[in-house]
Each structure stands twice: as C-alpha cells, then as structure tokens.
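If you want the building blocks of each chain, they are given just below.
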Amino acid sequence: MKEYHYSKGEIIHKAGDSADTLDYIVSGKVSINADGFLITAKKNSILGILEQAENPYSYNYIADTDVTILSYPFTRF
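Not measured: the values here are computed from a predicted model.

So, how was this worked out
- Residues numbered from 1 in each chain as written.
- Predicted model: local features only at pLDDT ≥ 70, side-chain atom pairs only at ≥ 80, totals over all residues.
- Heavy atoms only, no water.
- Helix = DSSP H or I, 4+ residues; strand = E, 2+ residues; numbered from the N terminus.
- Rg over C-alpha atoms; globule rule 2.2 N^0.38 Å.
- Areas by Shrake-Rupley, 256 points an atom, 1.4 Å probe, with all protein chains shown as cover.
- Lys, Arg positive; Asp, Glu negative; His and termini not counted.
- Charge placed at Lys NZ, Arg CZ, Asp CG, Glu CD.
- Contact = heavy atoms within 4.5 Å.
- Polar contact = N/O pair within 3.5 Å; in protein donor to acceptor, adjacent residues only side chain to side chain.
- Pairing = 2+ DSSP bridges.
- Buried < 20%, exposed > 50% of the residue type's maximum accessible area, 1.4 Å probe, protein only.

Draft legend 1. How the structure looks around the overall build of the protein. Along the protein, the regular secondary structure elements total zero helices and eight strands. Counted from the first residue to the last, the protein has its helices and strands arranged as β-β-β-β-β-β-β-β. The C-alpha radius of gyration computed for the protein amounts to 11 Å, which stays within 12% of the reference 11 Å derived for 77 residues, consistent with globular compactness. Carbon and sulfur atoms make up 53% of the accessible area of the protein, which amounts to about 4,800 Å² in all. Taken together, the 7 basic and 10 acidic charged side chains of the protein have centroids lying 6 Å from each other.

Spelled out as structure tokens, the structure:
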C-alpha cells in the first residue's frame, strides 16, 4: 500500500491507462466520468472497483478537492 496526495483538478487515473491499482479515498472527493457518466466518490470509497484488473481504465478519475488515497495493487490471479 502506498499513500498518494492529489491537488484539486489533478488526474488520478485516465481512461485508457492500465488499471493496476485499487485506491481507497482517505480524504477528499473524486469525479469519475466518461461519455456522459458522472459520479462523485467521497471519503471511504474505493476507486477502480468498476474496472477490470490490468485492462484499460474505462473512466477518468479526477480530484474534485485535495485528495489523499491509499493505493493497493490490482492484478489478475
């Protein structure tokens, strides 16, 4: 597990990049969006849960506020 900090507006994950982590939001809010789909993930949410390990991200994950996440490896068995 690694801790990361993002400032408001920073891209955490971009659609098309390899989905290789699951990220627990310790503080802040993150927008998850793609093709008209938009949801806000808040503290205690897990980013990447809608993705398939090691495939491209389907969504953009962007910090709505300053965000702290704990990042865990996301791989296929």
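Draft legend 2. Examining unusual backbone geometry more closely. One non-glycine residue with positive phi stands out, namely N44, at about 75°. Along the chain, N44 turns up in the loop between β5 (37-41) and β6 (46-47). Backbone geometry at E54 places phi at a positive 70°, although glycine is not the residue there. Within the secondary structure, E54 sits in the loop between β6 and β7 (60-63).

Draft legend 3. Representation of the environment of E51 in the model. Looking at the secondary structure, you find E51 in the loop between β6 and β7. Taking the C-alpha atoms as reference, E51 lies 9.7 Å from F74; in sequence the two are 23 residues apart. The contact partners of E51, leaving out residues within four places of it in the chain, are A19, P56, Y57, S58, Y59, Y61 and F74. At a separation of 3.5 Å, a polar atom in the side chain of E51 contacts the main-chain amide nitrogen of Y59.

Draft legend 4. Examining the sheet that holds strand β8 (residues 67-73) more closely. Spatially, the four strands line up as an open sheet ordered β1-β8-β3-β6, and their pairing is antiparallel. In this open sheet, the two strands that pair with only one neighbour each are β1 (2-6) and β6.

Draft legend 5. Quick peek at the side chain of H13. By secondary structure assignment, the location of H13 is in strand β2 (residues 11-13). Exposure remark for H13: the relative accessible area of 11% places this residue in the buried category. A polar contact is formed between the side chain of H13 and the side chain of Y57, at a distance of 3.2 Å. Those residues in contact with H13, other than ones at most four positions away along the chain, are T21, D23, Y57, Y59, N60 and Y61.

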